[in-house]
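Examination of the molecular architecture
Residues per chain are reported as follows:
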Amino acid sequence: MDLISENLLTILILLPAFGGLAVLGHSLYWKDDGHLKWITLGFTVAAFLISLLLLSGTPGSNGYMFEKNIPWIQAIGTNYHVGVDGLSLWLVLLTTFIMPIAVLSSWHAVEKRPAAFYVFLLLLQSAMIGVFVSLDLLVFYLFFEASLVPMFFLIGIWGGENRIYATVKFFIFTAFGSLLMLVAIIALYYLHLQATGTGTFDLLTLLASLESGKLAFAAPVGTLLFLAFAISFAIKVPVFPFHTWLPDAHTEAPTAGSVILAAVLLKMGTYGLMRFNFPLFPEASRELAPIFIVLAIIGIIYGALVAMVQPDMKRLVAYSSVAHMGFVVLGMFSFTEWGMQGALYQMLNHGISTGALFLLVGFIYERRHTRAITEYGGISSVMPLYATFFVFTTMSSIGLPFLNGFVGEFLIMVGMWKSTILSITDSANWNYIATMFAGTGVIFAAVYLLWMVQRIFFGKLTNEKNRGLKDLTYREIGLMVPLLFLMVYMGVYPKPFLERSRDTVVAIQERVMRQAGGTVDHDEHTAKAE
């Protein structure tokens, strides 16, 4: 058992990759494509079950659990350094939870090159887990880039009619951001080498050198490094105006690709900001926070308004992601415990609720091969169970009390309301104004989602082609039930999630606000809110 604990994260990274090899080997030697999905499902379920062991971990003195740090490329000071804390724990579990659902969602949908499809899914899982557990900047970058390749092929080969355009756009945006981050990582290496005589990519070593004063950034250098990381992560989130690749990628991706993209890949951006930008560049984080808050609010309102006029269900849900991730960015840059906890919680909520919406859109597309809202109307009479699940998921996405979306958005808006980050150099109550503008996004979300529901499900059956539609199968019900359970559980009892992340979030908050003119706000009532 000790051997498993010591290498638990490595097992989680490698297990899906070995699953990919198993799928590839089976397709080469047995030629029976029917077994491939079962092999893939087996490896993803095994990864999820093993990942539950992470909940048994106890943080060490540096706050990390299941830490592994061994030399990798000694000539340049790169270590294989992995670990999880309150920030990455739930994102790893979200990844392993979503992957079996993604596999099952494609059970009857993949007809061409199934072996390659499932290999790319498994390799993508390995890369995503690697991103969330890496504590060496170079290793993180490699996993970050590795996650781009499988998604590139998933959209490019199994996507819709405009998949090539969407794939190229997705690749150009994310590759550009990744190159900026690589430049910043190399710069950090040489700055540390110049300051201490030792080059390193290790995050904890860099933070220790900054803490001790051995490493310091002049004002323009720190700001430029912050921007290089931040632009890379902002593209991944995506933050307005870097969002234009997302609706195309979502619309053209296969259902499994859309679910993974919404549930996990977008979270790499917000995770990167909290893991690297805030601790490494606290001064720049404070100075540039107003810009990111404004961009987040624009994204919330813009995403909602554009979603209202979308004729395509999937594209509407894609633009809702722009709005919802704007809330996450807003909470992060409030630099309050309420806001940052809410941001992390909303990452999980978005993965559950929006992932479920993409699943539901995929279910109806498999039956009618169209996502145009005008092609439907009154289908609740022929698909009552489908309509029930869709309305329930919509309520979660809107933020109905007692469902998961409410908790995250409430914490974010209270955190922004209490924030001092916009008042450090100005006595105006800009935090109140920012909160009120962001609050309109909740209203707009109700408008575009409920209007979509009304046009698709209620009224008279307007299209005779829909009269013979079959309701959800047992497989589809099985996919939705755990997601709906989490929507309720996380809305009614968020305490277990917030407790595990609190120490990590507070540590990041303290680091950013320590030298600020404002105060470090430890929200004593967070436990009551939980």
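Use the structure listed above.
Reference entry: report on the structure contained in this document. It should be emphasised that the depicted structure is a prediction, and the values quoted were computed from it without experimental measurement.

What follows is about the packing of helix α2 (residues 8–29) against helix α3 (residues 36–51). Contact geometry for α2 and α3: axes closest at 9 Å, N-to-C directions at 175°. Looking at the two axes, α2 sits roughly antiparallel to α3. Only Leu36, Ile39, Thr40, Phe43, Ala46, Ala47, Ile50 and Ser51 of α3 make contact with α2, whose side of the interface consists of Leu8, Ile11, Leu12, Leu15, Phe18, Gly19, Ala22, Val23, His26 and Ser27. Its residues assigned to classes, the contact of α2 with α3 shows 13 nonpolar, five polar and no charged.

The next subject is helix α10 (residues 219–236). Helix length check: α10 (18 residues) gives 26 Å between terminal C-alpha atoms against 26 Å at 1.5 Å per residue, within 8%. Residues of α10 that are buried: Gly222, Leu225, Phe226, Ala228, Phe229, Ala230, Ser232, Phe233, Ala234, Ile235 and Lys236. In this fold, the buried residues of α10 make contact with α6 (137–146), α8 (163–196), α11 (245–252), α12 (255–265), α13 (267–280) and α14 (282–308).

Attention shifts here to the pairing of strand β1 (residues 65–73). As paired strands, β1 and strand β2 (residues 78–84) are joined by six bridges and run antiparallel to one another. Directly across from Lys68, in β2, lies its bridge partner Val82. Between β1 and β2, which pair antiparallel in sequence order, lie four residues; one of them, Gly77, sits at a positive phi of approximately 70°.

Moving on, we get to the nonpolar core. If you look at the biggest cluster of nonpolar residues, it comprises 187 residues, and the most contacted ones within it are Phe333, Ile379, Tyr386 and Leu483. Sort the elements by how many residues they give to this core and helix α16 (residues 337–368) lands first, with 16 residues. When residues no more than four places from it in sequence are discounted, the contact partners of Tyr386 are Leu360, Val361, Phe363, Ile364, Ile379, Phe457, Asp471 and Leu472.

As for its position among the elements, Phe240 is in the loop between α10 and α11. A C-alpha to C-alpha distance of 7.0 Å links Phe240 and Ile298, two positions 58 residues apart in sequence. Excluding its chain neighbours within four sequence positions, the residues that come into contact with Phe240 are Leu295, Ile298, Gly299 and Tyr302.

Mapped onto the fold, Leu461 is located in the loop between α19 (430–457) and α20 (474–492). Its relative accessible area of 17% is what places Leu461 among the buried residues. Residues Leu461 and Arg315 lie 146 residues apart in sequence; the distance between their C-alpha atoms is 23 Å. In this structure, Leu461 is in contact with Gly377, Gly378, Ile379, Ser381, Val382, Asn466 and Arg467, ignoring residues within four places of it in sequence.

Each pair of packed helices can be described by the angle between their axes along with the distance between the axes. For the pair helix α4 (residues 89–105) and α16, interaxial distance at closest approach is 11 Å and the crossing angle is 5°. With respect to α16, the axis of α4 lies roughly parallel. Residues Trp90, Leu91, Leu94, Phe97, Ile98, Ile101 and Ser105 of α4 form the contact with α16, whose participating residues are Met347, Leu348, Gly351, Ile352, Leu359 and Glu366.

This brings us to unusual backbone geometry. Among all residues save glycine, negative phi is the norm, and among peptide bonds the norm is trans. The omega angle of the peptide bond from Val237 to Pro238 is -10°, so this bond is cis rather than trans. For Pro238, the position within the fold is in the loop between α10 and α11. Of note, the amide linkage connecting Phe240 to Pro241 takes the cis form, showing an omega dihedral of 5°. Along the polypeptide, Pro241 turns up in the loop between α10 and α11. Positive phi, normally seen in glycine, also occurs at Phe66, with a value near 50°. Mapped onto the elements of the fold, Phe66 is located in strand β1. Judged by its relative accessible area of 16%, Phe66 falls in the buried class.

The final tally for this structure, using the stated rule, is 38 aromatic pairs. Measuring from ring centre to ring centre gives 5.2 Å for Phe132 and Tyr271, while their planes differ by 90°; the resulting arrangement is edge-to-face. Here Phe132, found in helix α5 (residues 114–133), pairs with Tyr271, found in helix α13; they are 139 residues apart in sequence, far enough to count as distant. On the basis of an interplanar angle of 65° and a centroid distance of 5.8 Å, the ring pair of Phe333 and Phe335 is categorised as edge-to-face. On the accessibility criterion, Phe335 (1% relative accessible area) is buried. Each residue in the set Phe117, Tyr118, Phe120, Phe152, Phe153, Trp158 and Phe171 is aromatic and connected to the rest through ring pairs, giving one cluster. Against the face of Phe144 rests Lys236, its NZ or CZ located 5.0 Å from the ring centre. The positively charged end of Arg371 is found above the aromatic ring belonging to Tyr365, 5.0 Å away from the centroid.

Parameters at a glance
- Residues numbered from 1 in each chain as written.
- Predicted model: local features only at pLDDT ≥ 70, side-chain atom pairs only at ≥ 80, totals over all residues.
- Heavy atoms only, no water.
- Axes fitted to C-alpha atoms, helices over the stretch in contact; angles between N-to-C directions.
- Helix = DSSP H or I, 4+ residues; strand = E, 2+ residues; numbered from the N terminus.
- Parallel < 35°, antiparallel > 145°, perpendicular 65-115°, else oblique.
- Contact = heavy atoms within 4.5 Å.
- Nonpolar A, V, L, I, M, F, W, Y, C, P; charged D, E, K, R; others polar.
- Expected span 1.5 Å × (residues − 1).
- Buried < 20%, exposed > 50% of the residue type's maximum accessible area, 1.4 Å probe, protein only.
- Pairing = 2+ DSSP bridges.
- Core = buried A, V, L, I, M, F, W, Y, C linked by side-chain atoms within 4.5 Å.
- Phe/Tyr/Trp six-rings, centres within 6.5 Å; stacked < 30°, edge-to-face > 60°.
- Lys NZ or Arg CZ within 6 Å of the ring centre and 35° of its normal.

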